[in-house]
Amino acid sequence: MQKRSKIRDRNGGQGFSLVHRYIQHFNEVSGHKSAAFKRRSKLSGLMITQFEVQLPEGKATPDFERKLTPLNLHEGKLAVFKAVVKGVPRPKVTWKRATGNLSDSDKFHTKYNEASGECSLEIRKVSPEDKDTYKCFAANHYGRVVCTAKLNVIEVTFKRQKATAERELTSTDPADFRRMLKKTGALGQEEQKPTKRVRGQGDRFWEVMMSADREDYERICAEFGVADLGSALETMEEKRQERLEEQAKYVESITNVKHVEVLGERSASFGFDLELKDPTSRLFLFKDGVEIPYSDGATQKHSLKVVGKKHVFSINDLKPGDAGLYQVDVEEVNLFSTEFRIPIVDFVVKIEEVKAQERQDALFECVLTHPVAKIKWMGNDSLLENGEKYCITVSEDKLIHRLLITNCEQLDKGIYAAVAGIKSCRAWLVVEVEHDAEPGTKKARKTTAAGGTRVDLEKVAKEQQAKIQEERKKMEAAAKVQKEELMIGKASPRTDSSADRTRVNGLGGDGAEGDRPEAAMSEKTQSKDGGRINETAKDDSNMSNVSTVSSGGGVAKKGVELTNGMENEKSSKARQVDPSGAKASPGPQKPSLLNGDADQIAQAGAESGSGVGRNGKSADLNIQDGTKNSSGLKTQTVTGKSADLNIQDGTKNSSGLKTQTVTGKSADLNIPDGTKNSSGLKTQTVTDSNEGLREGEDSTVSAKHQPSKGKGNETQDAVIDGNELSDSEGHNDSPESSKTPVSTKRDQKKKIPIAEAESEHDEAEDPTGTAMPVKRKRQVQLVEDSVIDPGVHFVSGLSDVDAVIGGTAEITCKLSSEDCEGAWFRDGNKISADGDFVITKEGAAHKLTINNCQEEHSGKYRFEADGRKTEAVISVKDPPRFDPADLSAFMEPVEIKVGHNAIFKLPFIGLRPIKIQWFKEGEEFIEDANVKVEKSETHSRLLLIKCQRKDTGEIKIKLKNPHGITEAISQLYVLDKPTAPQGPAEVLESSAMCIVFKWRPPKDDGGTPVVNYVLERQQMGRNTWKKLGEVPGVPSYRDTDVDHGRKYCYRIWALTAMGLSEMMETDEIQAGTLAFPGPPAPPNVLGATGDHIMLSWDPPPNTGNSRILGYYLEKRKKGSNLWSAVDELVKEKKCAVRDVVEGIEYEFRVAAVNLSGAGEFSSPSEFVFARDPQKPPGKVMDLKVADTSYSHMTLVWTKPEKKPGVQDEASGYFVEIREGENAEWSRCNTTPFILTSFPVKGLRPMEMYWVQVIATNDGGEGAPNELDRFVLAMPSPVRPRFTDRKMKSFMVVRAGNSVRITINFEASPRPEVHWLKDNGPVTKRVTVGKSDGSSQLLIPSSKRSDSGVYSILVKNMVGQETYSVEVRVTDDPKPPGLVELEENVPGTVTVMWAPSPDEKRDDRLHYVVSKLDSSKGTWSTVADRLFNNKSTVCNIMPGREYHFRVYAKNDMGMSAPSDSPTWGTEKKKEKFVVRMPTKKQCDLRCAPTFIVPLKLHIAPKGYECYMSCAVKGNPKPRITWYRNSVSLNTNTNYHISNTCGVCSMLILHVGLKDMGEYSITAENDQGRAKCSTILSVRE
């Protein structure tokens, strides 16, 4: 209310209270400094501090025209705060932040343009430390204003944080090292706190949670180690709300979110429907926190397709590395996240082609390498769902998946696919027609699976499950060993900070990652290689050689990999073969061990179990660290039983290099590390006392070098690399690297099989000098190294080839040496060159060519050279094919006339059976009366009978057999007469000399081009047609033989080689048609004086195809119907009309004139007075408010005075209002209001408004007149009073019915309404409704306890009024009790009775006594309104019998009677006998009939409804009422009566439930009658 007392300062433009002005005046008089005052800015949320109340003219305090905007940016981006300030004089702008300063000029840069007032603050490469509140100050001599905004910096995602941490680990900067130590210490402190908070989780956890479904929350928390799910959900909801607030800046809506889904083996997609506020906003795609580029098409790895609002991201050419968390950002705000998981799974057994007959069931089966709960089944590129048609099942071990297609039809045939992860397999379903089925019979349905040799899927699944269990046990054992080694490492701290690290690897599959359990399990499952042991040694200065040892004397069950702090990205495959040729069992490798950690080696060897040696004994292994020699290097010894080995780090020779010795029994080996030769390469010698290696042979040593018979089971051994285990990228470039051992010249790799063994403990010194237990048998002296030729290897191996019978097949491989010869084998048999086989050699490339391939040439081909081999399979197939001459003849187009037959025939050859299909334009032909297809084993023939034009198109034959598909295409052209030329004709020129017109060619030329057009002409009014001849095939004609003004009609035919088309007839075309111009635009008034009016206009858009010669201008006085010409012809497009009378109002119109004449006139212009320009009017007078209400007010005023030369008379008024808090005026009327009163509508109740009125005329708007005080939107005060004259003060309601009391009143301002019951508050069962002028009390279902006095209190600031209504809720009373009679006085009888049960509950209940005299035979009332329980009846005559009845009565009615015993004895009289004459009895019986039927009733809701009708019948009929065929006779809510044939029914309170059809039936033994009506209830 304080704002109401403010006054407006016209000079300064601001308002201050009188208190502020008094304080300012006191300060000026007393000499004190002027106090500062705060006021609101026009922009919300800003306060201006003003130093002076009265501002000098032309001066203004500082203010913001545009505020700062809060920013949310990713770390590293540029932040820019912008604002626009104003003020006179120009304010000075400064920037500050809440915490910290802006002194760093490289980081913070400010700009200020005083001319435009724009100021900005730039923060470069924002970081989390820059997250703060920034303030912009604008100040001048008269005031100051400040604006604030927040900067929120989004930190890098988990991937970037990980990369940052790795850089800190590898950094050599001492500052980075100290920062790393601080983080490590903080982490250790956090780990010691037993807290359950989840805010410490990384960004990946929250991204995965917010993008997951609700049922996956527990699984995700378990994966990330979050125990408190409730706290996680609360935190997630907070983060989600924050994200929604951030998205609101850029996103209008995002719906239909679909997470990433694999579409097939090659692609995956995810998407959503997105509507951006700014369509130019950019979208960014991130994978694991790293931004990745994407294209608009499918050319790149990642692509985006946008169709309307739908955005779909695609990931093409899927690989295991594509798994991760994908995020989509709009500008700097995260929009959507989805996690892409690719299960490491493949197919052990793929689905195969199934052939089934119609109505049979088809079954597809496959077996996976790993358990998967559900895979996708696709049918003809559509996703299949489990249901009646498709039954999808999974075995208990989740390895076998089946798809059952029930009741196969022709529509079910096609390609079906099983998709697991990014792997898929496809197979055909062929549905054949039942040829043997007899008409009218059905065969029993059966299930058809894939044909051919079937694999026992259950057996395969059990074997696969056993492998998985075995590998899982081995992984658990390896993890246990690693954990124990880590515990040992923690117990024995080392001084060397770069100690060797260990990891558990899989079975050597390419691309496997050792630190992922899933990848390790996949590699172990897919690899069938044996174990291996890799040993890596390292000295203090650089990395030493790496030696890899694999078991060769038997089956190795455990493997140990020793690495030197470097994790191998990929490992080579290894396989061992025992003497009997059995495959080596796969097993996980043990963790790598450090040099000197002999205890871990012993533990690994003990857990791994004993291997099987050549002699059946346990293979013992001893790996021992040697002592440092004179050069400071260490030696290492490996000894064993049965296949005892000694591997020892050597000492440096004279060249400073290290040597190594391996010795053993039974298969004693000596493997020293080589020395560098003159070329700087390392050399190495491997010797065997019993089975030494021969020069030129493969450096792999085994008990027996026997390859396995199965495909891909060649022996593969681990590689000893003197320099590195794999290439720098961890990839193998050779395609045969997974099958054949490769020894490169650069690496000089050696392969030595070795068995594991046990040994005893001893002690040695570790690099720190501490004594540690080691395993040692004996020491071996170092020996000199020797060089072994690595041998020949394959540069490229053989590849599988498919050949056609009778064709040529070639397979090629390439060796690393051109001097090596080899041999070719087929299915194990050596091949020699003959007529079918051609063996050639070109340098190091060897090629085998098979001419004239036959089926017997199919098989497995192998090439062996220098102990190496490579294999490939040649499959000779017999697909369908055509003879070139026949195919060339078939491809020639076929042209026939309409109605003729077309024949296509093509022979073929190929493996039978061959499926034959004929197509036209991609649709398969179905045999009918016009299509006949002949099929045989050698050819097929298509006959099309009576071809039509629609049969023109591409004809294709498609042949298919198990070996392939072949197609041939031809063209069919069906020729016919052309259709009629297309109209209507377009007239290009129509003059007195010629007519030029054109038309459109025929829609169908019949297959041949149009040669000519044939034309005929008819002059309108004549019956003859004149031939004009033929026109070349251009659809236009120029007719020069015409008469001016005549009309002509033309006929046109199209002529082709097939004949003449139908006729096209043109409309009438006139020679020399007049074309008048169209109407111009209405004239515009440029100005007016007392003697002339200046006008202008625009030319007409339609000039009539000729130039405009001028314009006719006409004028008309207001109120007149007569137009008069202004001038003869106006050449220009403007004119000054001088023939006007001052003070008269005119309007004008104009018409254009061309060569044909004058066109139509334009629409009239606006009325304009011929007078001099007016002066604006003055202020309106006596402005006041006539009436107000909550939603409108009425203003009245007096016209402003007219002062000649100063102000003229007003022609209209504008009314403007503004709310008390708003500084801007808004107009209530857009056009001037001519009356001096105006209703202002649309006000908000109790709101404060300022009002002003502006007078206007043609000279402009006058000064506004504003009310001195504000207007409050409320009516004038009125004391509450009730408006209903006939209000009930007493109500009786039957129990169970509703009670409704409605009171109408008027009061202002809006009063408070209170209802009371018996001067207390009403119960909860009572519903009170309120509106502006009424209030209603409602009890839906009343009870007796609701009886009482209900009062309404209406109260406002003027006064109050009350009104009371007594409500009595009752029911029909129950009858009184036992009635007794007593005679106290002769001639009187005292009637006494027991009270009714309702007497205590109803104080208005009374009794009625009736008497029956035996002499009269009628009942008569002897007492009424008795409130006691007895009554004395007089005039009791002796000799008569009396009966008494007592009734209980209340406001609702009377109860049933209670009868008394008989009183008195009736005196018997002699019987009087009257003999009456015999009369003939009349039969008055008749069937019931309705004399007066029921009428239609429409009753208002809540009112009574009375229905009645009249019926007659003898005997008296029985009456039954029905509503919607339901009897109402027993329903107590309806009052039914039947008096002398007048049947009536009363409904007290009609409701919507009472609507329906009401009927009444009258029935006696003579018949039955029925009458019905409809009751409608009106709201």
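Residues numbered from 1 in each chain as written. Predicted model: local features only at pLDDT ≥ 70, side-chain atom pairs only at ≥ 80, totals over all residues. Heavy atoms only, no water.

Student: For this particular structure, what's the right way to read the sheet that holds strand β109 (residues 1518-1523)?
Tutor: Within a sheet, neighbouring strands are paired by backbone hydrogen bonds and run either parallel or antiparallel to one another. Strand order in the open sheet formed by 5 strands is β107-β114-β113-β109-β110, and the pairing between neighbours is mixed. At either margin of the open sheet sits one strand with a lone partner, and together these are β107 (1497-1500) and β110 (1526-1527). With 2 bridges joining them, β109 and β110 adopt antiparallel strand pairing. The partner of Tyr1522 across the bridge, within β110, is Ser1527. (Pairing = 2+ DSSP bridges. Helix = DSSP H or I, 4+ residues; strand = E, 2+ residues; numbered from the N terminus.)

Student: Looking at this structure, how should I read the packing of aromatic side chains?
Tutor: Geometry of an aromatic ring pair is reported as the spacing of the ring centres plus the angle between the planes. Per the stated rule, a full pass over the model turns up 25 aromatic pairs. Measuring from centroid to centroid gives 5.5 Å for Tyr294 and Phe313, while their planes differ by 80°, and the two rings are edge-to-face. With Tyr294 in the loop between β16 (290-291) and β17 (302-307) and Phe313 in strand β18 (residues 310-316), the pair connects residues that are 19 residues apart, well separated along the chain. An angle of 40° between the planes, with centres 4.6 Å apart, marks the rings of Phe997 and Tyr1050 as tilted. (Phe/Tyr/Trp six-rings, centres within 6.5 Å; stacked < 30°, edge-to-face > 60°.)

Student: Looking at this structure, how should I read the sheet that holds strand β95 (residues 1334-1339)?
Tutor: On the basis of which strands lie adjacent, the open sheet formed by 4 strands has the order β89-β91-β95-β94 and antiparallel pairing. Two strands lie at the open edges of the sheet, namely β89 (1278-1282) and β94 (1327-1330), each paired on one side alone. Strand-to-strand twist of the sheet, defined as the mean angle between neighbouring strand axes without regard to direction, takes the value 20°. The pairing of strand β91 (residues 1299-1308) with β95 spans 6 bridges and is antiparallel. Following the sheet pairing, Ile1301 is matched in β95 by Leu1337. (Axes fitted to C-alpha atoms, helices over the stretch in contact; angles between N-to-C directions.)

Student: How should I be thinking about the pattern of salt bridges in this particular structure?
Tutor: Pairing between side chains becomes possible if they bear opposite charge and their charged atoms approach one another. All chains considered together, the criterion is met by 52 salt bridges. The partner of Arg941 in a salt bridge is Glu934, and the shortest N-O contact between them spans 2.8 Å. In this structure Glu934 comes out as partly exposed when scored by relative accessible area, which is 40%. A salt bridge links Asp1459 to Arg1445; the nearest nitrogen and oxygen atoms lie 2.9 Å apart. Of this pair, Asp1459 sits in strand β105 (residues 1458-1459) while Arg1445 sits in strand β103 (residues 1442-1450), placing them 14 residues apart in sequence. A residue is classified by how much of its surface remains accessible, and Arg1445, at 24% relative accessible area, is partly exposed. Put simply, Glu1366, Arg1368, Asp1402 and Asp1403 are held in one network by salt bridges that share partners. (Salt bridge = Lys/Arg side-chain N within 4 Å of Asp/Glu carboxyl O. Buried < 20%, exposed > 50% of the residue type's maximum accessible area, 1.4 Å probe, protein only.)

Student: It is not clear to me how unusual backbone geometry should be interpreted in this structure. Could you clarify?
Tutor: Comment: phi is negative for the bulk of residues other than glycine, and the bulk of peptide bonds are trans. The amide bond that connects Val88 to the next residue, Pro89, takes the cis arrangement and shows omega of 0°. Mapped onto the elements, Pro89 comes out in the loop between β7 (79-88) and β8 (92-97). Of the consecutive residues Gly983 and Pro984, the connecting peptide bond is found in the cis state with omega at 0°. Turning to its location among the elements, Pro984 is positioned in strand β63 (residues 982-990). Positive phi, normally seen in glycine, also occurs at Asp317, with a value near 50°. Along the polypeptide, Asp317 turns up in the loop between β18 and β19 (324-330). Classification of Asp317 as partly exposed rests on a relative accessible area of 32%. One non-glycine residue, Asn407, adopts positive backbone phi at about 50°.

Functional significance is not addressed by these values, which are geometric in nature.
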